[in-house]
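Each chain, letter by letter, is given below.
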Amino acid sequence: MQLKEILEKIACKELSIEEAEKLLQLKGDLISTAIEEVNDIAKLDLYRQARTGIPEVILAEEKRPEDAALLAVKMASKSGYTILSRISDKVIDEVKTILPDSLELEINERARMLILKKKGYEYKKVPGKIGIFAAGTSDIPVAEESRIIAEAMGVSTYTAYDVGIAGLHRLLPHLKTMLDEDVDALVVVAGMEGALPSVVAGLVDIPVVGVPSPVGYGLGGKGLAALNSMLQSCAPGVMVVNIDNGIGAGTAAALIALKVAKAREKFNQGI
């Protein structure tokens, strides 16, 4: 981010003085203050959200539970909050063991996520909005990943689950509600043959982010058929992330919403 952009964000009240100070530090000799090194196992990117709009998410999967817990506590203590993804019971136990009094814990079992926040911390809200669909109940964990990361980025979310093409009449009322709410983008999670993103994209005039979920069996199971179907969509406007990548879809949709919110604000100000 260039100096002019930082100053513009301060003027538009999109950046606090503290956040701007951190960004300016990144442009000078104090770049080392943006990194928190933890026991030679990790280098936490403390100001990623101020720099890119996307918070750093700590993937717990394949990490030692005690390492994942330590990184989460360090990150939350420095940045106000942090998110651990793909958690296990062992990770939860480790976090609870070392949890300081200054932090509070929130667990979303469906999303397989754990959120640590400083007590009283609240996400900064922006006017952006996204909608999130899950084709089946089995797809909800991936959709919940998208919801949690988008809300951490300050975006409002609307969800509708179990609205897949096996009973397409279930989709339409929820789709109408989201369009009435003027959402800026849609995340559509689907397993099996992965048709729902194409159906939705054929009905709306906003970006659709398709997420193949690892739900399926036989030839093309574990999300492969869904991925191929979404990539081969004949409905323009479908963007596709990797199998099971709810976080990637949520961040993409949220970034669209953040950009739209910024454009609207400038338009209303006559800029």
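None of the values given here were measured: they were computed from a predicted structure. (Residues numbered from 1 in each chain as written. Predicted model: local features only at pLDDT ≥ 70, side-chain atom pairs only at ≥ 80, totals over all residues. Heavy atoms only, no water.)

## Quick notes on the sheet that holds strand 6 (residues 113-118)
Under the convention used in this document: Any two strands with at least two DSSP bridges between them are considered paired. Labels follow the DSSP assignment, with helices taken as runs of H or I lasting at least four residues and strands as runs of E lasting at least two, numbered in each case from the N terminus. For helices, the fitted axis covers only the stretch in contact; all axes are lines through C-alpha atoms, and the angles between them, taken along N-to-C directions, range from 0 to 180 degrees. Pairs of residues are marked as contacts when any of their non-hydrogen atoms sit within 4.5 Å.
Read across the sheet, four strands follow the order 3-4-6-5 without closing on themselves; strand pairing throughout is mixed. The sheet is open, and its two edges are formed by strand 3 (57-59) and strand 5 (103-108), each paired on a single side. The mean inter-strand angle of the sheet, taken between neighbouring strand axes irrespective of direction, is 20 degrees. Two strands pair when backbone bridges link them, and strand 5 and strand 6 are joined in this way by six bridges, in the antiparallel orientation. Residue pairing in the sheet places Glu104 in a bridge with Lys117 of strand 6. Running at roughly 155 degrees to strand 4 (residues 81-85), helix 4 (residues 65-79) makes contact with strand 3, strand 4, strand 5 and strand 6 of the sheet.

## Here's the deal with helix 10 (residues 246-268)
The following threshold applies: What a helix is expected to span follows from its residue count: subtract one and scale by 1.5 Å. The buried label goes to any residue with under 20% of its type's maximum accessible area, the exposed label to any with over 50%, and the partly exposed label to all in between, with areas taken from a 1.4 Å probe on protein chains only.
With 23 residues, helix 10 should reach 33 Å at 1.5 Å per residue; the first-to-last C-alpha distance of 33 Å fits that figure. Among the residues of helix 10, those classed as buried are Gly246, Ile247, Gly248, Ala249, Gly250, Thr251, Ala253, Ala254, Ala257, Ala261 and Lys262. At the C-terminal side of helix 10, Gly270 shows a positive phi close to 75 degrees.

## As for the pairing of strand 2 (residues 42-45)
Of the strand pairs in this sheet, strand 1 (residues 35-38) and strand 2 are connected by four bridges, and their pairing is antiparallel. Across the sheet, the residue bridging to Glu36 is Leu44, located in strand 2.

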